[in-house]
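Here is what each chain is made of, one letter per residue.
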Amino acid sequence: MDFPMGGAGGSGDEDAQNSHKGKRPSYKRLDSTQTSILEKFIKECPHPDEAQRRQLADEVGLEPKQIKFWFQNKRTQIKVQHERADNNALRAENDRMLSENILMKEALKNTLCPDCGGPPFPEGEHELFMQKMQRENAKLKEEASQLYERVSDLLARYLEKHMTTHEIQQTSIPITGPSSHELALDGSSSSSLGQSFNLPIMDNHILFNNSMESSDMEKELMSEIATAAMEELVKLIRINDPLWVISSAQKEKLTLHRETYERIFPKTNHMKGANVRLESSKDSGIVNISGKELVDIFLDADKWANLFPAIVTKAETIKVFENGLLGNRSGTLQMMYEEMHVLSHLVRPREFYFLRYCQQVDIGVWMIADVSFDSIRVSSPLYRSWRYPSGCMIHEIANGRCMVTWVEHVEVDDKIHTHRLYRDLVGVNVAYGAGRWIFELQRMCERFASFYVEKIPDHKTEGALYSLEGRKSVMKLAHRMVKTFCESLTMSGHELDFPHLTVENNSGVRVNVRKSGGIGQPNGTIVMVATSLWLPLHYENVFEFLTDHKRRAQWDVLACGNPVHLVAHISNGIHPGNCISIIQPFIPSENNAVILQESFIHPMGSYIVYAPTDVTAMNVAMRGEDSSVLSILPSGFVICADDQPKVDLGAIDNGNIDRSGGSLLTVVFQVLASSPDGINLLNMESVATVNTLLTSTVQRVREALN
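All figures in this text were calculated on a predicted structure; none of them were measured in a lab.

Trainee: I keep staring at the pairing of strand 9 (residues 333–340) and nothing clicks. Help me out?
Mentor: The side chains of a regular strand alternate, first on one face of the sheet and then on the other. Most of strand 9 is tucked away: 8 of the 8 residues are buried. Covered by surrounding structure in strand 9 are L333, M335, Y337 and E339 together with Q334, M336, E338 and M340, the residues of both alternating faces. For strand 8 (residues 312–322) and strand 9, the ladder comprises 8 bridges, and the chain directions are antiparallel. Bridging across to strand 9, E322 finds its partner in L333. In the sheet, strand 9 pairs with strand 10 (residues 350–362) via 8 bridges, with the strands oriented antiparallel. Opposite M335, over in strand 10, you have L355 as the bridge partner.

Trainee: Can you walk me through the packing of aromatic side chains in this structure?
Mentor: The description of two aromatic rings rests on the distance between their centres and on the angle between their planes. For the coordinates displayed, the defined rule picks out 16 aromatic pairs. Measuring from centroid to centroid gives 5.0 Å for F298 and W304, while their planes differ by 75 degrees, and the two rings are edge-to-face. Each of the two residues, F298 as well as W304, counts as buried. Judged by centre distance (5.1 Å) and plane angle (25 degrees), the ring pair of F600 and Y607 falls under stacked. Residues F600 and Y607 agree in their burial class; the two are buried. Put simply, the rings of F298, W304, F308, W406 and W437 touch in pairs and so form one group of aromatic residues. Positioned above the aromatic ring of F600 is the side chain of R443, whose terminal nitrogen or guanidinium carbon lies 3.5 Å from the ring centre. Seen from the ring of Y610, R552 lies directly overhead, with NZ or CZ sitting 5.0 Å from the centre.

Trainee: What exactly am I supposed to notice about the environment of N101 here?
Mentor: Tracing the sequence through the fold places N101 in helix 4 (residues 64–110). When the C-alpha atoms of N101 and Q134 are compared, they prove to be 9.4 Å apart, with 33 residues separating the residues in sequence.

Trainee: I keep staring at the side chain of E440 and nothing clicks. Help me out?
Mentor: Secondary-structure assignment places E440 in helix 13 (residues 434–451). You can call E440 buried: its relative accessible area is 1%. Reaching out from E440, the side chain makes a polar contact with the side chain of R443 at a distance of 2.8 Å. Not counting residues within four places of it along the chain, the set of residues in contact with E440 comprises L307, F308, P309, A310 and I311.

Trainee: Is there a simple way to think about the packing of helix 2 (residues 32–44) against helix 3 (residues 50–60) in this case?
Mentor: Pairs of packed helices are described in terms of their axes, by the angle between the two and the distance that separates them. It is at 10 Å that the axes of helix 2 and helix 3 come closest, and there the two elements cross at 155 degrees. In terms of axis orientation, helix 2 runs roughly antiparallel to helix 3. The hand of the helix 2/helix 3 crossing is right-handed. Every residue of helix 3 that contacts helix 2 at Q34, I37, L38 and F41 is listed here: Q52, L56, E59 and V60.

Rules used in this analysis
Residues numbered from 1 in each chain as written. Predicted model: local features only at pLDDT ≥ 70, side-chain atom pairs only at ≥ 80, totals over all residues. Heavy atoms only, no water. Buried < 20%, exposed > 50% of the residue type's maximum accessible area, 1.4 Å probe, protein only. Helix = DSSP H or I, 4+ residues; strand = E, 2+ residues; numbered from the N terminus. Pairing = 2+ DSSP bridges. Phe/Tyr/Trp six-rings, centres within 6.5 Å; stacked < 30°, edge-to-face > 60°. Lys NZ or Arg CZ within 6 Å of the ring centre and 35° of its normal. Polar contact = N/O pair within 3.5 Å; in protein donor to acceptor, adjacent residues only side chain to side chain. Contact = heavy atoms within 4.5 Å. Axes fitted to C-alpha atoms, helices over the stretch in contact; angles between N-to-C directions. Parallel < 35°, antiparallel > 145°, perpendicular 65-115°, else oblique. Left-handed = near helix turned anticlockwise from the far one by under 90°.

As C-alpha cells, this is what we get:
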C-alpha cells in the first residue's frame, strides 16, 4: 500500500520538499522489514518519545519526523477500526431493537381486552404507555452498557486485557456456576455478576466444547486456575497447625480442620446431597528416586499409570498448555484424566478430569498441583468426584532420594453407598488417602531399584534368577499381570446378577463377563467372579499363609493337592513378601504348567496376583526375550487390615474375637469361558464352574486358617 510522505507509511520532510504549488506530493512505499519493525513497536509502545523516535528512525532508515507522522496516522487507523467495530455492534443492536419495537406495536394493535374485547388502552393512554416503554427501554440499555463496562474491567483484572462491548457479546466463554471468589469492582461480593461470569479461581467449573480448540483466552483461564491451586497447595503443605489436625479415625494421621480451612480458603461445595462427603489427608515419606525422574513420570500419563498400578487404572493427557522449561519441566501445565480404583470390586471407582501444574520453587524442590475442572464427558451417574487443590512436594535429598509430601483433598458423591465391608476404610481416607499414594510410590521405587540392578548378589537363594535380561523380562510380565488384575477389579464389562450363587458368610458373589482380545490377553469371553469377606486374623498371617509355596497345596486347586516347586524368585523390595515367583505344581499328567506370581504387603493393601501359563511361554521371558506378546489372565487375593469385625455378615461364629487383628480378604478368579469364534457359548454351566472354583478356594483358605 502506498502512503504519502507524512502518512502512516511516508515522510513528513518529503512532503515539505514537494509542497510546491501545482505539484502532487510524492509517495514512498515502506518495505516489509520497515513495516514489521514499526508495527511491532507500536503494539508495545503506541506513544514513543523523541529518543525512541530517533532510535527507530536510525533502525528503519527514515527521518524522526516521518516516524512521528507514521505513529500519528497508525493510531488514528487503529482508533477508526475500533470505532467501526463498536458502531457495527451498536447498529446491529439498534436494528434488533427497532424490529422488536415494530413487533410490539403490531402485537399491541391486535391485543384485545379480556373483559370487553376492545383495545387494551384508551386512545389517550396509549401514547403515554409507549413513552413509558421507551423510557424503560433506554434505562435498560444504560444498565446493560454499565454491566458490560464492569465485566470488561473485571476481566481485565484477571486477563490483563480490556474488552469492548462487541468483543464481550461475540466471545463465547462457557463459564458457569456461582463461586464464593466472585468480586465486584469495589472488592465486595457480587452474586448477580457472578451468575453470568464466574472468575477463574479454583472451584469454578469450566465446560469445554467438543473440539477442545486451543485459544489464548482458554489458556489464560487455565493458567489462573492452576496458579491459584498452586498457591493453596503450597500453604497446605507448609502449614500444619491450625490447618491440619490429628484424625479421630486414624491415629497419627492428619486431616483438615474444616472450619479453619474454609475460613482461609472460602469456596462453595460442588455437590449437593445426602451422599456427599469431603475427604482430606496429608502424609510424607522418602522414596528412592531422583526428583527430575519423578517429575517426568508425573507429567507422562502412561508412566503415571504404571507407577501406581494398584490405584490408577486409566490415565490420559487430554491437552498440553505449557511444556515447561527444558531440564526441570517447571511451568508445565496440562489437562489430564484418571480413573482410580483400589482393594475390591465392592469399592466404587473414582474418575477425575483435572489440571496438573508443575513448578520448581527452589533448587531441588518441585510442586505438583492437581485441581479438578468440569468436562462435557459424562461421568457415571452413580458416583461423582471433585478434586480440590491437591498434589505433592518433591524435595531432593542425598543419595538420589526424595522426600515426598502428599496432600489429597476431594469431594465425593456416591449414589450407591460403598459396601459396609469397606465403608470404614473408604470413609477414613485409607483406601484413597495420601498415605496410600506414598506407600505405593515407595513400593514401586523399590521395584525400580530391583529392575535396574546391575549385579545380582552371589549368595545362594532358592530359585534365584541370575540372568539380568531374563530378570527384566519376567518383571515386565509380572507388572503387566498386576496391572491387568487391578483393572479387572473395576468390573467394567457386563455385570451379571446370580442371586442363587453365594459363598456362605460373606458379601456374596459378583460375576462379570467381558470380551477380550488385546495384545497380551487371551482372545474370547472372560468370566470373572469375585467375593470379599472378613477374617478374624491379622492381615500378615493371611498374607504369609497365601504366599508360602510349601502350603500352597492347601488352597490352590491348580495344585490338585500336590506340593509345588519354586522355579525362580525375584526380590522386589526390603520385605521378603515383596517378590515375584515362578512356581511349578507337581502334577504328573500336566508337566507343562507353571504359575507366575507377584506379591507385596502393606496394611493398606496386600496383593497376591498369579496366573497359570505354559513352560514354553515362561521360558521366553526367562531367556530375556520380549514378553509383551505373551497372553496372561490373572487371578488373586487382596488383603487389607481391618480392626472391626463384620459380625452382621456372619463371617465368624466365635463371639470372643480379637478386634485388633482382623482383615478383609477379596478373592478373584478369571477364566476364559469361550473362544473368539463363539463355538463355546457362555452359559450357566460355565458360570457355575467358575463359582465352584471360587467357593472351594474360599472354603480351603478358611479351613487351613481355622
